Amino acid sequence: QVQLVESGGGLVQPGGSLRLSCAASGFTFSSYAMRWYRQAPGKERELVAHIASYGGTTHYADSVMGRFTISRDNAKNTVYLQMNSLKPEDTAGYYCNAIRLQGSYWGQGTQVTVSS
């Protein structure tokens, strides 16, 4: 069955770094664009970063531009989100999303908390 499993979240101090991973299985990973979303309590889900299926095109939310980097390894069926210079406002549940015209899949999320 289709699975997207996020990992790498946790508690980090402001200015710190985390690397999130999302391991995919049960579908043709290389045919899907991949996205990271986040959702903080009481707020709408926000698109953080996008990477094309072949990995050549990326897009970022203005709020994370220059701090976060999305990448993928199609041989490992995994997408990553490197998060640097973390701020308290980055605190949220982070969700992996696989998307193409025919539909999309979601992971269960991993919590990132930025606090001193």
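Details of the structure are given in the entry above.
These figures come from a predicted structure and were not determined experimentally.

1. Here we look at the overall build of the chain
Part 1: The secondary structure content of the chain amounts to zero helices and eleven strands.
Part 2: Of the regular secondary structure in the chain, the N- to C-terminal order runs β-β-β-β-β-β-β-β-β-β-β.
Part 3: Expected size for 116 residues packed as a compact globule is a radius of gyration near 13 Å; at 13 Å, the chain falls within 12% of this value.
Part 4: Seen along its three principal axes, the alpha-carbon backbone of the chain occupies a region of about 40 × 25 × 25 Å.
Part 5: Of all 116 residues assigned to the chain, the portion counted as buried reaches 42%.
Part 6: Nonlocal contacts in the chain, meaning residues at least 24 apart in sequence, comprise 53% of its contacts between residues at least 6 apart.
Part 7: Of the side-chain charges in the chain, 10 are positive and 7 negative, and the distance between the mean point of each set is 6 Å.

2. A few points about the pairing of strand E7 (residues 68-73)
Part 1: By the alternation rule, side chains of E7 split into Phe68, Ile70 and Arg72, which are all buried, and Thr69, Ser71 and Asp73, of which none is buried.
Part 2: Adjacent in sequence and paired antiparallel, E7 and strand E8 (residues 78-83) are bridged by four residues, among which Asn77 carries a positive phi angle near 50°.

3. Comments concerning the sheet that holds strand E1 (residues 3-7)
Part 1: Strand order in the open sheet formed by four strands is E1-E3-E8-E7, with antiparallel pairing between adjacent strands. Pairing within the sheet leaves two strands with one partner each, and these edge strands are E1 and E7. When strand polarity is set aside, the average angle formed by the axes of neighbouring strands in this sheet is 15°.
Part 2: Bridge analysis of E7 against E8 gives six bridges, and the strand direction is antiparallel. Directly across from Asp73, in E8, lies its bridge partner Thr78.

4. Details of the side chain of His50
Part 1: Within the secondary structure, His50 is located in strand E5 (residues 46-51).
Part 2: Judged by its relative accessible area of 15%, His50 falls in the buried class.
Part 3: Side-chain polar atoms of His50 contact the side chain of Arg35, separated by 3.0 Å.
Part 4: The contacts of His50, once residues within four sequence positions are left out, are Ala33, Met34, Arg35, Thr57, Thr58, His59 and Ile70.

5. Thoughts on the state of the cysteines
Part 1: Under the criterion given, the structure shown has one disulfide.
Part 2: Across the disulfide, Cys22 is cross-linked to Cys96 (sulfur-sulfur distance 2.1 Å). Measuring the twist about the S-S bond at about -75°, one finds the Cys22-Cys96 disulfide to be left-handed. Placement of Cys22 in strand E3 (residues 18-25) and of Cys96 in strand E9 (residues 92-100) is noted, with a sequence separation of 74 residues between them.
Part 3: Relative accessible area serves as the criterion here: at 0%, Cys96 is assigned to the buried category.

6. A few points about the packing of aromatic side chains
Part 1: Taken as a whole, this structure holds four aromatic pairs when the rule is applied.
Part 2: Consider the rings of Phe27 and Tyr32, whose centres lie 4.9 Å apart with planes at 75°: the pair is edge-to-face.
Part 3: Taking relative accessible area as the criterion, Phe27 reaches 13% and is therefore assigned buried.
Part 4: Taking NZ or CZ as reference, Arg19 lies 4.0 Å from the ring centre of Tyr80, over its face.
Part 5: Taking NZ or CZ as reference, Arg72 lies 4.4 Å from the ring centre of Phe29, over its face.

Calculation notes
- Residues numbered from 1 in each chain as written.
- Predicted model: local features only at pLDDT ≥ 70, side-chain atom pairs only at ≥ 80, totals over all residues.
- Heavy atoms only, no water.
- Helix = DSSP H or I, 4+ residues; strand = E, 2+ residues; numbered from the N terminus.
- Rg over C-alpha atoms; globule rule 2.2 N^0.38 Å.
- Buried < 20%, exposed > 50% of the residue type's maximum accessible area, 1.4 Å probe, protein only.
- Contact = heavy atoms within 4.5 Å.
- Lys, Arg positive; Asp, Glu negative; His and termini not counted.
- Charge placed at Lys NZ, Arg CZ, Asp CG, Glu CD.
- Pairing = 2+ DSSP bridges.
- Axes fitted to C-alpha atoms, helices over the stretch in contact; angles between N-to-C directions.
- Polar contact = N/O pair within 3.5 Å; in protein donor to acceptor, adjacent residues only side chain to side chain.
- Disulfide = S-S within 2.5 Å.
- Phe/Tyr/Trp six-rings, centres within 6.5 Å; stacked < 30°, edge-to-face > 60°.
- Lys NZ or Arg CZ within 6 Å of the ring centre and 35° of its normal.

Interpretation in functional terms is not warranted from these geometric data alone.
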